[in-house]
Amino acid sequence: AQRVTQPEKLLSVFKGAPVELKCNYSYSGSPELFWYVQYSRQRLQLLLRHISRESIKGFTADLNKGETSFHLKKPFAQEEDSAMYYCALNTYGNKLVFGAGTILRVKS
Amino acid sequence: DTEVTQTPKHLVMGMTNKKSLKCEQHMGHRAMYWYKQKAKKPPELMFVYSYEKLSINESVPSRFSPECPNSSLLNLHLHALQPEDSALYLCASSQVSGRGARTEAFFGQGTRLTVV
């Protein structure tokens, strides 16, 4: 069965500090992994997909199949990064499931 | 147009009522989803339609009945709901999984449902 684990409910950092939001997954096949973000009063939106290996708003995430991880990183946090972040796993058949989410709070 | 539109935004219904939630997208996506989201919890998958056919039902009670009348529309028919069904119901769409497909899901704003 597929499963996504985000161990931290809340991550609080100061502006300018590095950020790492952890995500581990469990799936026996070939996974597709995403990070979604939900800003206050806005809809859930895609931040990153592992396939594209891009950097969005300074965030990056690398798929590590050996450790079954897809951690989200940013070298210098900004106040506008404060939001709920979900790691999500898509498997064959479009079964897209979400981790429990991590609230990122960036303090000034 | 990269939006998924859901109506209504808010809905209050009694336990004996029948109502429907609607979702529309014009991105040419052939996978459409219903999720349920309780406060401070992640979205919980309910149903997936692929090419207008129900492909995933996550053991959802029969008082929730999905329908996909065409490739742009998705409905969720509600009947005899319980107060614990009160939640935010999210619709999403994406390309169908397959070689080279971009399967990231686009989400609607949701319908805030209250069952009284």
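Note: the structure precedes this text.
Scope of this entry: the structure provided in the associated data block.

Cut-off values and rules
Residues numbered from 1 in each chain as written. Chains lettered and ligands numbered in written order. Predicted model: local features only at pLDDT ≥ 70, side-chain atom pairs only at ≥ 80, totals over all residues. Heavy atoms only, no water. Helix = DSSP H or I, 4+ residues; strand = E, 2+ residues; numbered from the N terminus. Rg over C-alpha atoms; globule rule 2.2 N^0.38 Å. Buried < 20%, exposed > 50% of the residue type's maximum accessible area, 1.4 Å probe, protein only. Contact = heavy atoms within 4.5 Å. Pairing = 2+ DSSP bridges. Core = buried A, V, L, I, M, F, W, Y, C linked by side-chain atoms within 4.5 Å. Axes fitted to C-alpha atoms, helices over the stretch in contact; angles between N-to-C directions. Buried area = accessible area lost by both parts, 1.4 Å probe. Salt bridge = Lys/Arg side-chain N within 4 Å of Asp/Glu carboxyl O. Polar contact = N/O pair within 3.5 Å; in protein donor to acceptor, adjacent residues only side chain to side chain. Nonpolar A, V, L, I, M, F, W, Y, C, P; charged D, E, K, R; others polar.

## Section: the overall build of chain A
Inference 1: When its secondary structure is counted, chain A shows zero helices and 11 strands.
Inference 2: Listed by position from the N terminus, the elements making up chain A come as β-β-β-β-β-β-β-β-β-β-β.
Inference 3: In terms of C-alpha radius of gyration, chain A reaches 13 Å, essentially the compact-globule figure of 13 Å for 108 residues.
Inference 4: Along the first, second and third principal axes, the C-alpha set of chain A runs to 40 × 30 × 25 Å.
Inference 5: Here chain A, with 108 residues, has 46% of them falling under the buried criterion.
Inference 6: Considering only contacts in chain A between residues 6 or more positions apart, those separated by 24 or more positions represent 57%.

## Observations concerning the overall build of chain B
Inference 1: Check the secondary structure of chain B and you find zero helices and 11 strands.
Inference 2: Ordering the α and β elements of chain B from the N terminus gives β-β-β-β-β-β-β-β-β-β-β.
Inference 3: A compact globule built from 116 residues should have a C-alpha radius of gyration of about 13 Å, and chain B, at 14 Å, falls within 12% of that.
Inference 4: Projecting the C-alpha coordinates of chain B onto the three principal axes gives extents of approximately 45 × 25 × 25 Å.
Inference 5: Counting all 116 residues of chain B, 49% fall into the buried class.

## Looking at the sheet that holds strand β7 (residues 60–61) of chain A
Residues and elements named next belong to chain A.
Inference 1: The strand order across the open sheet formed by three strands is β3-β8-β7, and the pairing between neighbours is antiparallel. Of all strands in the sheet, those bounded by a partner on one side alone are β3 (19–21) and β7.
Inference 2: Note that β3 and strand β8 (residues 72–74) share three bridges and pair antiparallel. From the neighbouring strand, leucine 21 faces β8, where its bridge partner is leucine 72.

## Points about the pairing of strand β8 (residues 73–79) of chain B
Inference 1: As defined by bridge partners, strand β3 (residues 18–25) of chain B adjoins β8(B) across seven bridges and the pair is classed as antiparallel. When the sheet's bridge partners are listed, Ser20(B) is paired in β8(B) with His77(B).

## Regarding the pairing of strand β7 (residues 64–70) of chain B
Along a regular strand, successive side chains alternate from one face of the sheet to the other.
Residue and element names in this part refer to chain B.
Inference 1: Relative to β8, β7 is paired through five bridges, and the arrangement is antiparallel. Looking at the pairing, phenylalanine 64 lines up with leucine 78 of β8.
Inference 2: Linking two consecutive strands that pair antiparallel, namely β7 and β8, is a turn of two residues.

## Brief notes about the nonpolar core
All names here are of chain A.
Inference 1: Counting residues in hydrophobic clusters, the biggest one holds 25 residues, and the most contacted among them are Trp35, Leu47, Leu72 and Tyr85.
Inference 2: Taken together, the elements giving at least two residues each to this core come down to β2 (10–14), β3, β5 (32–38), β6 (45–49), β9 (83–91) and β11 (102–107).
Inference 3: Per-element tally for this core: the top contributor is β9, with four residues.

## With respect to the sheet that holds strand β1 (residues 4–7) of chain B
All names here are of chain B.
Inference 1: Reading across from one edge, β1-β3-β8-β7 is the order of the four strands in this open sheet, with antiparallel pairing throughout. With one partner strand each, in any of the chains shown, β1 and β7 form the two edges of the open sheet. On average, adjacent strands in this sheet sit at an angle of 20° to one another, irrespective of strand direction.

## As for the interface of chain A and chain B
Inference 1: Chain A puts 19 residues into the contact, and the matching count from chain B is 26 residues.
Inference 2: Buried surface at the junction of chain A and chain B, summed over both partners, amounts to about 1800 Å²; 48% is from carbon and sulfur atoms.
Inference 3: At the boundary of chain A with chain B, the tally comes to three salt bridges.
Inference 4: The residue Glu58(B) makes a salt bridge to Lys95(A) at a minimum N-O spacing of 3.4 Å.
Inference 5: Remark: the boundary between chain A and chain B carries 14 residue pairs in polar contact (both at pLDDT 80 or more).
Inference 6: Broken down by element, the side of chain A that touches chain B gets its largest block of residues, four residues, from β5(A).
Inference 7: When the residues that make up the side of chain A that touches chain B are grouped by side-chain class, the tally is eight nonpolar, seven polar and four charged.

## Section: the pattern of salt bridges
Inference 1: A complete count under the given rule lists eight salt bridges over all chains for this structure.
Inference 2: The salt bridge partner of Glu52(B) is Arg30(B), with a shortest N-O separation of 2.9 Å. Note that Glu52(B) is positioned in the loop between β5 (44–50) and β6 (53–57) and Arg30(B) in the loop between β3 and β4 (31–37), a separation of 22 residues in sequence.
Inference 3: One salt-bridge network, held together by shared partners, links Glu20(A), Lys22(A) and Lys73(A).

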